Amino acid sequence: MAAGATAAFWPGPLVAAVGEQPAVSNPVHDAFAAAKPGSMSLPFALTSPSGNVVLTISLTKGNVTYTVSLIGREVILASSLGLKLDGAPPLDSHFKLTKTSQTEHRGSWKPPYGERDNFPDNFNATEIEVQEEIPPGRRLRIEFRAYDEGIAFRYFVPAQPGLQSMVITDERSEFRLADGAYGWWTHTAQGNYTRSLIADVPGVNERPFLIELSNGLWAAIGEAAQDDYPSMFLASLNSEHHSLVGKLMGTADHHAPFSSPWRFILVAEKPRHLLEHNYLLQNLCPPSRLASTNWILPGKVMREMTLSTRGGRELVDFAASQNIQYIEFDAGWYGDQDDEAADATKINVAPQAINANPDYRGLNLREVIDYARSKNIGTILYINHIAMERQLDVLLPLYRQWGVAGIKYGFVNVHTQPWTRLLYDAIKKAGEYRLFLDIHDEFRPTGMSRTYPHLLTQEGIRGNEEFPSAAHSTTLPFTRMLAGAADYTYCWFDPRLKNTWAHQMALAVVLYSPLQFIYWYDHPTAFRTESTGMEWFRELPTVWDDTKVLDGHPGDFVAIARRKGKSWFLGVITNDSGRDMKIDLDMLQPGQQYAGMIFSDGSGPKDIQKNQRSFQHGDVLKLTLQPRGGAAICFTQA
């Protein structure tokens, strides 16, 4: 951890509380306020800055519809938009155009951390207002944006008689696709992915939703900036045209005026470009609402397995020797997490969590936290949703006083508007006490780490602790990882591990998380001797200055390179089949020589070959990956 890192967990005066960001000018709404009726007619073609993406907005028999194309090829066919309301007719038809505006935005912004150190933010936008031609003549606005990375839209209900308050029961957000499109779907955030024809996709499914179009293009549909609204899942309509439709996971209760979250469609010629452009979600979210971010320090984490003072002190020593910045005490340290009577202000190891070894019994948590702090190691504490909902206002100042660095919220309730509101309230409050967060189980991000950067990571993924297949590993970069950081809980010694050690090492580059858990089921006593590969994790960053997805196909393989400073780290993984690969090293800086340290599959799943070679821009790296294997390479300027 860098000098001064103790600011992340050292007790002291609180910073200014998290407050609402001062009103940020919205160029579309500003232009809309001054726009004249009829300043734009429909259909209207909204193009991205390069002209490659075209979003066409139309009024078809009184319905607002849109289409999307990329480089002249169809992505979304004519699809309807609108809202369903409780106790009232849907707000989706009999419309006439009453007002329009257009604007553009060119710029970029620097996140405090991320997959790159600068995010481009360039779009052209239009907003339309439509009004019903039949009584009561309700009004609806829809804002559209066209980026080179894809498109986005959201609903805005202006203040008007008869719609001061409303309950939205669902949306009419449709995504019509040409025949022959395939989707990669999962019903739950922690599920496996299945590839099916869109017409055969069952039930409602998580977002982002990856689509292979029959014309060779790729797309992903999802939502951004969701913090006071039910989650939008996706279901197949199984109609004449293969169609998906947004399905709200509960009702939305709002007072006008209000805006919905953004609905986005990433588009690309190759699936790898979707991941390279996943910053679009953060672009659609409000800027940071934190008073400062210099206390937010990403890093590597290891879980304390014994829930004991001795085990905690041993883990601190191990973490200090292995360049691991944090230790974490997980479920059981304050009693049975599912017991309503469990008190997360008290250290009281649950009976079922007491270690079988008498030498690892008894937990003086304050002693361990202080010892860790003396070694410049931070401590993270787990609490589940019961303690979060019941005790949070007491726990946050208490943990701050203890010198805790961050909190892991577990088994949080998700998807409905009330649960979403409650969770984001808990996120805001943690920021007031300079406590960073890791949220586990079914929670999936929608780009809001831009607004609350102390939300470092979250699960929302079928993690390595469940020992999924290598094919699952190669699917995640093109599905779950489009949404943002994921806590994958990497395993090492556990005999249930299906993949090679080289695969595990590469995954820590392939799957981005600013807070990266490693050696999930292991204790320091398991590392009696240095094993090849540990030096890779010691030197591995968790945040990056640049990211390049060099090649890949969901379910088959992927190669991702990430730069920190002048060094590049490359992770390459394959599915359950072996693979020979050739990787162009065009990401290396021209005119520079690099020393490449290569960790690749050996003769067995826990055997790693380590070789060093010189490389330069334009070289081709040849690799032979074993089934369920991989390779991890560090390129350092010579």
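Residues numbered from 1 in each chain as written. Predicted model: local features only at pLDDT ≥ 70, side-chain atom pairs only at ≥ 80, totals over all residues. Heavy atoms only, no water.

- Looking at an unreviewed UniProt entry, the protein carries the name Glycoside hydrolase family 97 N-terminal domain-containing protein, with the source organism given as Edaphobacter paludis.

## Observations regarding the overall build of the protein
Reasoning step 1: Scanning the protein from terminus to terminus reveals 10 helices and 38 strands.
Reasoning step 2: Here the protein has a C-alpha radius of gyration of 25 Å; the compact-globule value for 638 residues is 26 Å, and the two agree.
Reasoning step 3: With the principal axes as the frame, the protein shows a C-alpha extent of 75 × 55 × 45 Å.
Reasoning step 4: Within the protein, counting contacts between residues at least 6 apart in sequence, those at least 24 apart form 71% of the total.
Reasoning step 5: As displayed, the protein offers around 22,800 Å² of accessible surface, 48% of which is attributable to carbon and sulfur atoms. (Helix = DSSP H or I, 4+ residues; strand = E, 2+ residues; numbered from the N terminus. Rg over C-alpha atoms; globule rule 2.2 N^0.38 Å. Contact = heavy atoms within 4.5 Å. Areas by Shrake-Rupley, 256 points an atom, 1.4 Å probe, with all protein chains shown as cover.)

## A short note on the packing of aromatic side chains
Reasoning step 1: Summed over all chains, the structure comprises 31 aromatic pairs.
Reasoning step 2: Aromatic pair Y424 and Y452: ring centres 6.3 Å apart, planes at 45 degrees, arrangement tilted. Placement of the pair is Y424 in helix α7 (residues 417-432) and Y452 in the loop between β28 (436-439) and β29 (455-458), with a sequence separation of 28 residues. Each member of the pair Y424 and Y452 is classed as buried.
Reasoning step 3: Look at W492 and Y519: their rings are 6.0 Å apart centre to centre, the planes differ by 70 degrees, and that puts the pair in the edge-to-face class. Of this pair, W492 sits in the loop between α8 (470-475) and α9 (501-510) while Y519 sits in the loop between β30 (515-517) and α10 (534-539), placing them 27 residues apart in sequence.
Reasoning step 4: Among the residues examined, W492 registers a relative accessible area of 1% and is labelled buried.
Reasoning step 5: Relative accessible area serves as the criterion here: at 3%, Y519 is assigned to the buried category.
Reasoning step 6: Members of the aromatic cluster, each reached through a chain of ring pairs, are F318, W492, F493, W501, Y519, F527 and F537.
Reasoning step 7: The lysine or arginine in question, R313, covers the ring of Y371, its NZ or CZ lying 3.9 Å from the ring centre.
Reasoning step 8: Between K408 and the ring centre of F517, over which it is positioned, the NZ or CZ distance is 5.4 Å. (Phe/Tyr/Trp six-rings, centres within 6.5 Å; stacked < 30°, edge-to-face > 60°. Buried < 20%, exposed > 50% of the residue type's maximum accessible area, 1.4 Å probe, protein only. Lys NZ or Arg CZ within 6 Å of the ring centre and 35° of its normal.)

## Points about the environment of F537
Reasoning step 1: Tracing the chain through its elements places F537 in helix α10.
Reasoning step 2: Here F537 falls in the buried class, since its relative accessible area comes to 3%.
Reasoning step 3: For the pair F537 and I324, spaced 213 residues apart in sequence, the C-alpha separation works out to 8.7 Å.
Reasoning step 4: Sequence-distant contacts of F537, defined by excluding residues within four places in its chain, comprise K300, W492, Q504, M505, A508, I518 and Y519.

## As for helix α5 (residues 365-374)
Reasoning step 1: Along α5, the residues classified as buried are L365, V368, I369, Y371, A372 and R373.
Reasoning step 2: N376 sits one or two residues past α5 and shows a positive phi near 65 degrees.

## Re unusual backbone geometry
In terms of backbone geometry, most residues other than glycine have negative phi values and most peptide bonds are trans.
Reasoning step 1: A cis geometry characterises the amide bond from R207 onward to P208, with omega recorded as 0 degrees.
Reasoning step 2: Within the secondary structure layout, P208 lies in the loop between β16 (204-205) and β17 (209-212).
Reasoning step 3: A cis amide bond links A256 with the next residue in sequence, P257, at an omega value of 5 degrees.
Reasoning step 4: Relative to the helices and strands, P257 resides in the loop between β21 (252-255) and β22 (258-259).
Reasoning step 5: Backbone geometry places N376, a non-glycine residue, at a positive phi of 65 degrees.
Reasoning step 6: Within the element layout of this structure, N376 appears in the loop between α5 and β26 (378-384).
Reasoning step 7: With relative accessibility at 25%, the residue N376 sits in the partly exposed group.
Reasoning step 8: The residue D441 is not glycine, and still its phi comes out positive at about 80 degrees.
Reasoning step 9: Along the chain, D441 turns up in the loop between β28 and β29.

## Digging into the nonpolar core
Reasoning step 1: Counting residues in each nonpolar core, the largest one holds 122 residues, and the members touching the most others are W333, I383, Y399, Y409, Y519 and W536.
Reasoning step 2: When residues of this core are assigned to their parent elements, the largest contribution, eight residues, is made by helix α6 (residues 385-402).
Reasoning step 3: Leave out the neighbours within four places in its chain, and W536 touches M505, V509, F569, L570, F599, A632, I633 and C634.
Reasoning step 4: Ranked by size, the runner-up nonpolar core spans 52 residues in total, among them I198, Y229, A252 and I265. (Core = buried A, V, L, I, M, F, W, Y, C linked by side-chain atoms within 4.5 Å.)

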